[in-house]
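An overview of the molecular structure
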Amino acid sequence: MSTTELLFTRTDPALGDFALRPLDPFCDAELLHGWVTHPKAAFWLMGDASLPDVEREYMRIAAAEDHEAFIGLHDGRPAFLMEKYDPSRLELVGLYEARPGDVGMHFLVAPSDTPVHGFTRAVITTVMAALFADPATERVVVEPDVRNTAVHALNEAVGFVPHGPVRKPEKEALLSFCTRARFEAATREASI
């Protein structure tokens, strides 16, 4: 699969075109290193990662059967990272009752010196629309750090409902779920 192949596209009425393409662990490692080690990405837990560490992590994801990573584009330029995983096999094994159609998700917006109002909301909306574009996806599952209040507000804005805290080896996480119906209702409300 080519890293120039667009797997999903969405036009945001206010902010323009968003897309997802496959992540290439070799070609994208330097870009990702700048993103995941930036102080604004503290909850990504890779602040001290070296460039080879980042390359190895995304090579591991690329080789995994139940984990995928994508580069998100805004108007054709790399702007965010999205990871999709099977929460019944990774991250949340034994921490909740998985259902068929559950998909786990992580996203990270690239750091910017000139933030754009509504940009992160447009990114998470794009990520969710991409996940629900797959008819097999019934529910998206997230497990952000309980202290990451900014992402909790974003999650709620696109339809996530908190289930409660779960203890993971690296953090205490707020387990939250979003069904297709809740996402569609939230995006309808946002467009009114």
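Residues numbered from 1 in each chain as written. Predicted model: local features only at pLDDT ≥ 70, side-chain atom pairs only at ≥ 80, totals over all residues. Heavy atoms only, no water.

What follows concerns the overall build of the protein chain. Assigned secondary structure in the protein chain consists of five helices and eight strands. Reading the protein chain from its N terminus to its C terminus gives the helix and strand order β-β-α-α-β-β-β-α-β-α-β-β-α. The C-alpha radius of gyration of the protein chain comes to 16 Å, within 12% of the 16 Å expected for a compact globule of 192 residues. On the principal axes, the C-alpha backbone points of the protein chain span a range of 40 × 40 × 30 Å. In the protein chain, which comprises 192 residues, the proportion classed as buried is 46%. (Helix = DSSP H or I, 4+ residues; strand = E, 2+ residues; numbered from the N terminus. Rg over C-alpha atoms; globule rule 2.2 N^0.38 Å. Buried < 20%, exposed > 50% of the residue type's maximum accessible area, 1.4 Å probe, protein only.)

Here we come to the packing of helix α3 (residues 119-132) against helix α5 (residues 180-191). It is the contact of α3 with α5, at a shortest axis distance of 11 Å, that shows an interaxial angle of 140°. Judged by the angle between their axes, α3 and α5 are oblique. Between α3 and α5 lies a crossing whose hand is left-handed. Where α3 approaches α5, its residues Arg 121, Thr 125, Met 128, Ala 129 and Phe 132 are matched on the opposing element by Arg 180, Phe 183, Ala 186, Thr 187 and Ala 190. (Axes fitted to C-alpha atoms, helices over the stretch in contact; angles between N-to-C directions. Parallel < 35°, antiparallel > 145°, perpendicular 65-115°, else oblique. Left-handed = near helix turned anticlockwise from the far one by under 90°. Contact = heavy atoms within 4.5 Å.)

Next up on the list: helix α2 (residues 51-63). Along an α-helix, a turn takes 3.6 residues, which lines up residues three or four apart on a common side. For α2, with 13 residues, the first-to-last C-alpha span of 18 Å sits near the 18 Å given by 1.5 Å per residue. Residues Val 54, Tyr 58 and Ile 61 constitute the buried set of α2. For α2, the angular spread of buried residues about the axis comes to 50°, placing them on one side. Contacts from the buried residues of α2 go to α1 (29-36), β3 (67-74) and β4 (77-85). (Expected span 1.5 Å × (residues − 1). Arc of directions from axis to C-beta.)

Right, let's get into the layout of surface pockets. Quantified by volume, the largest pocket comes out at close to 1200 Å³. Going through the elements one at a time, α2, β3, β4, β5 (102-109), α3 and α4 (149-157) are the ones with two or more residues in the lining of the largest pocket. Tallied by class, the residues present in the lining of the largest pocket amount to 26 nonpolar, 10 polar and 11 charged. Its boundaries defined by the atoms lining it, the second largest pocket holds a volume of some 320 Å³. What lines the second largest pocket is a set of 13 residues, and nearest its centre among them are Arg 10, Asp 12, Pro 13, Ala 190 and Ser 191. Sorting the residues of the lining of the second largest pocket by element identifies β1 (8-12), α3 and α5 as the ones contributing at least two each. Across the lining of the second largest pocket, the residue classes tally to five nonpolar, five polar and three charged. (1 Å grid on protein atoms, 1.4 Å probe; cavity = no way out; pocket = protein on both sides within 12 Å on 5 of 7 lines; lining within 4 Å. Points joined across faces, edges and corners; volume = space filled by probe spheres on them. Nonpolar A, V, L, I, M, F, W, Y, C, P; charged D, E, K, R; others polar.)

For the rest of this paragraph, the subject is the pairing of β3. Counting buried positions over the eight residues of β3 gives seven, a clear majority of the element. Pairing of strand β2 (residues 16-22) with β3 involves five bridges; the strand directions are antiparallel. Note that in β3 the partner of Leu 20 across the bridge is Gly 72. Pairing between β3 and β4: eight bridges, direction antiparallel. When the bridges of β4 are listed, Ala 69 appears paired with Glu 83. Hairpin connection between β3 and β4: a loop of two residues separates the two successive antiparallel strands, and Asp 75 in this loop has a positive phi of roughly 50°. (Pairing = 2+ DSSP bridges.)

Time to look at the pattern of salt bridges. The final tally for this structure, using the stated rule, is 12 salt bridges. A salt bridge links Arg 10 to Asp 12, with the shortest nitrogen-to-oxygen separation between them at 3.1 Å. Notably, a salt bridge pairs Arg 21 with Asp 28, separated by 2.8 Å at the nearest N-O pair. Relative accessible area serves as the criterion here: at 10%, Arg 21 is assigned to the buried category. (Salt bridge = Lys/Arg side-chain N within 4 Å of Asp/Glu carboxyl O.)

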